[in-house]
Amino acid sequence: MDGLPLLPGYCFKDPTVTNYHVSHSFNIKNGHCIPKISSVGIGKIPLDAESVQYTKFTDTLKFDPTLTYGRPKPKPSAVFRPHFVTYDKKCLAFQGYFKECVPLPNMDDDNYRIRHVNIVYFLEDDTITVIEPTVQNRPLKLRPSPRQTCETKQNPKNDEGDFWHWKDLNVGIDMNLHGIVYRLCSCDNFTKEYLLSQGIELNPEEQLPFDPYSQKRKTTNFANIEKQSETKSNDDKLRRFLTYDGKVLRFFAVCCNNDNGEDDPRPYIIRYYLADGCVDISEVFQVNSGRDPFPKFLNKIRLPKNWKNLSNDSPSATTEVSNTKSVEYYEPQDFIVGNTLPILARRFFIYDCDDFTRRYYSECMRIDQPTRIAVQLSREKKSYPPPQIPPHIGIGTPDDTLQSCFSFVLKSPKKDVTKYVVNAGKKLRYTATMDWVHPEDKGRDFIIEYFLANSHILITELPKHNSGIKGGKFLKSMLLPKPGCFHSDNPEYYSPSDFGLGSIINVFGHRFIITGADLMVYRYMQANVEKFTADMIESYRNHFIKLGMLKDDYNHMPLFGLMVCHQGDADQSRKVIGDSRFDDGQSRKLMESPGEYSRVSGITQQVPPISVLIETKVMDAALKPRQFP
């Protein structure tokens, strides 16, 4: 039965087993439950785990320990540390010195100075810096030495281009950096240990020499040196500031010393500040003078009279000097109207001052400033001929060519916005026929529209049945030049005064004869009499009377709209009354008494002027479509 597989149906109970007792799991020891390790099972039958069968040798080919215990852990590798981490904040420090020659020999025998330095080599990135320790009562400091690296390739130690390395450093050697030879005398303990650990044998240390000039200053007794007495000035700067703060003397001057040598006076303003005695000068710039507008000609400083003979202790970057005895400055008594002051190699002529300056001189200094001196501040401008307008280039209109001469950036010509707003949507319409040359052009009718907003002209042909010519647009809306000036640089365009009855309009070689117009044209002539001749107005008046259009208006529109006017519009009313159905006596009576017709017609309100009536009543009536008889 031992060879049977462990499957259902192949397992049989042992009939000899009658004891099914289970051993206890815990033992009591000192009052505590301790788990019992049992080697037998139910009925004290030995367990398979305790059998000798499992103690036999197992073949390694059949049994892999890694399946039971897992793979063995590899030994940890050493952690990589970069060079800059290993030697971070580690440096080699040397103490040394260098000799500095004094450029000018003095009264002492020593003509050099010994300056001690600390040379630090950084192991992190192989750079070197030189630091000079602070010395008491020494104003000179060592100029900063940049940390020279191998990457920058600066200041090699020899002609072959090699750079300094820590292997080249030792005590008792000379080191050349930036043209200065340093002598290394000693080093610290860490430097000694590091160099010895790398197999470098150190030279014996040297003693740092002393600076002879510093030693001499220590032995000198400055108490025995006599000090020169100096009398303090009576000028109290604080009192002067509190008294004269914000008070400035202003003078007007001209300078004739220009660079080109011409006598061109340039105006300047000289200000003297009473609070501290400083002077500043600013130039008065003129429009289109051709000079750059600098903010100041001279900044606010104490102005010396003789700027060439300044003391040696005066700094070269400014005119402020320390020795007040050897320099004489400009004072208020030097600024007098009519004086010429030499200031920094230029001559300034003072010709006037302001009112406060005159009061200060008269009240505080008892000096009367002279009156203003007439000075020609600018030369006479040369008269240049006006620039010639170039000819039309043929692209666009002549106005486009003219506009391109005014700026480098091309812009469209400016339009008359006022004219466009006032006359927006208003146009004059005329009827015309073609002055035919060919028989097929006979009987062609056209409508010419003149736009008052932009002076453009549009020509449209009226269609006719069985004429063989299709009607429509004959000329697009454009400015129509008169004949003879198509290619002129300043062409003359057609205007409403050219469209009289019977007039011939030449449109690029095509001749049109004006045969009529709408009532809007006649109303426009009445509102703008100065633009038309009397004969032209009379011809259109007779034309509309013949057509019955004016008679129809007089019979149906209010009479005061054409007859009654104020005294100021008498001249205009006479022209309108001349077209009325009244005789001359009635018209004269109405003109002499403007309120006469008001009483006749029962109108008690105030009569408006004729210009308003034409704009409101007559123009509205003219815009309405009409039926021609």
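In this report, the structure presented in the accompanying data block is examined. Given the structure is predicted, the values throughout are model-derived calculations rather than measurements.

As a further point, take the sheet that holds strand β11 (residues 298–301). What the 6 strands build is an open sheet, ordered β11-β10-β9-β8-β13-β12; its pairing is antiparallel. Edge positions in the sheet fall to β11 and β12 (340–343), since each of these pairs with one other strand and no more. Across the sheet, the axes of successive neighbouring strands diverge by a mean angle of 35°, strand direction being ignored. Where strand β8 (residues 248–255) meets strand β13 (residues 346–353), 5 bridges bridge the pair, whose relative direction is antiparallel. Looking across to β13, one finds that Phe251 is bridged to Cys353. Here helix α6 (residues 355–363) sits on the sheet in contact with β8 and β13, set at roughly 115° to β8.

Spatially, the 6 strands line up as an open sheet ordered β17-β16-β15-β14-β19-β18, and their pairing is antiparallel. Each of the sheet's edge strands pairs with one partner strand only, and the pair in question is β17 (472–478) and β18 (504–507). Pairwise comparison of adjacent strand axes, ignoring direction, gives a mean angle of 30° for this sheet. Where strand β14 (residues 427–434) meets strand β19 (residues 510–517), 5 bridges bridge the pair, whose relative direction is antiparallel. The partner of Ala432 across the bridge, within β19, is Ile514. Its contacts with the sheet place helix α10 (residues 534–547) against β14 and β19, and it is angled at close to 60° to β19.

Volume-wise, the largest pocket comes out at about 1,200 Å³. Looking at the largest pocket, it is lined by 45 residues, and the ones nearest its centre are Lys419, Asn454, Ser455, His456 and Leu479. For the lining of the largest pocket, the secondary-structure elements that each account for two or more residues are α7 (398–404), α8 (417–422), α9 (519–527) and α15 (610–623). When the residues that make up the lining of the largest pocket are grouped by side-chain class, the tally is 23 nonpolar, 12 polar and 10 charged.

Moving on: the pattern of salt bridges. Overall, the coordinates contain 23 salt bridges when judged by the stated rule. A salt bridge links Lys305 to Glu328; the nearest nitrogen and oxygen atoms lie 3.1 Å apart. Remark: Glu328 occurs in the loop between β11 and β12 and Lys305 occurs in the loop between β11 and β12; sequence separation between them is 23 residues. Judged by relative accessible area, Lys305 falls into the partly exposed class, the value being 28%. The partner of Asp435 in a salt bridge is Arg511, with the nearest N and O atoms 3.2 Å apart. You can see Asp435 sitting in the loop between β14 and β15 (445–451) and its partner Arg511 sitting in strand β19, a full 76 residues away along the chain. Judged by its relative accessible area of 28%, Asp435 is partly exposed.

The next subject is the pairing of strand β3 (residues 91–101). The sheet contact formed by β3 and strand β4 (residues 112–122) spans 11 bridges and is antiparallel. When the bridges of β4 are listed, Glu100 appears paired with Arg113. In terms of strand pairing, β3 meets strand β7 (residues 180–187) through 4 bridges, oriented antiparallel. Across the sheet, the residue bridging to Gly96 is Leu184, located in β7.

About the criteria used
- Residues numbered from 1 in each chain as written.
- Predicted model: local features only at pLDDT ≥ 70, side-chain atom pairs only at ≥ 80, totals over all residues.
- Heavy atoms only, no water.
- Pairing = 2+ DSSP bridges.
- Helix = DSSP H or I, 4+ residues; strand = E, 2+ residues; numbered from the N terminus.
- Axes fitted to C-alpha atoms, helices over the stretch in contact; angles between N-to-C directions.
- Contact = heavy atoms within 4.5 Å.
- 1 Å grid on protein atoms, 1.4 Å probe; cavity = no way out; pocket = protein on both sides within 12 Å on 5 of 7 lines; lining within 4 Å.
- Points joined across faces, edges and corners; volume = space filled by probe spheres on them.
- Nonpolar A, V, L, I, M, F, W, Y, C, P; charged D, E, K, R; others polar.
- Salt bridge = Lys/Arg side-chain N within 4 Å of Asp/Glu carboxyl O.
- Buried < 20%, exposed > 50% of the residue type's maximum accessible area, 1.4 Å probe, protein only.

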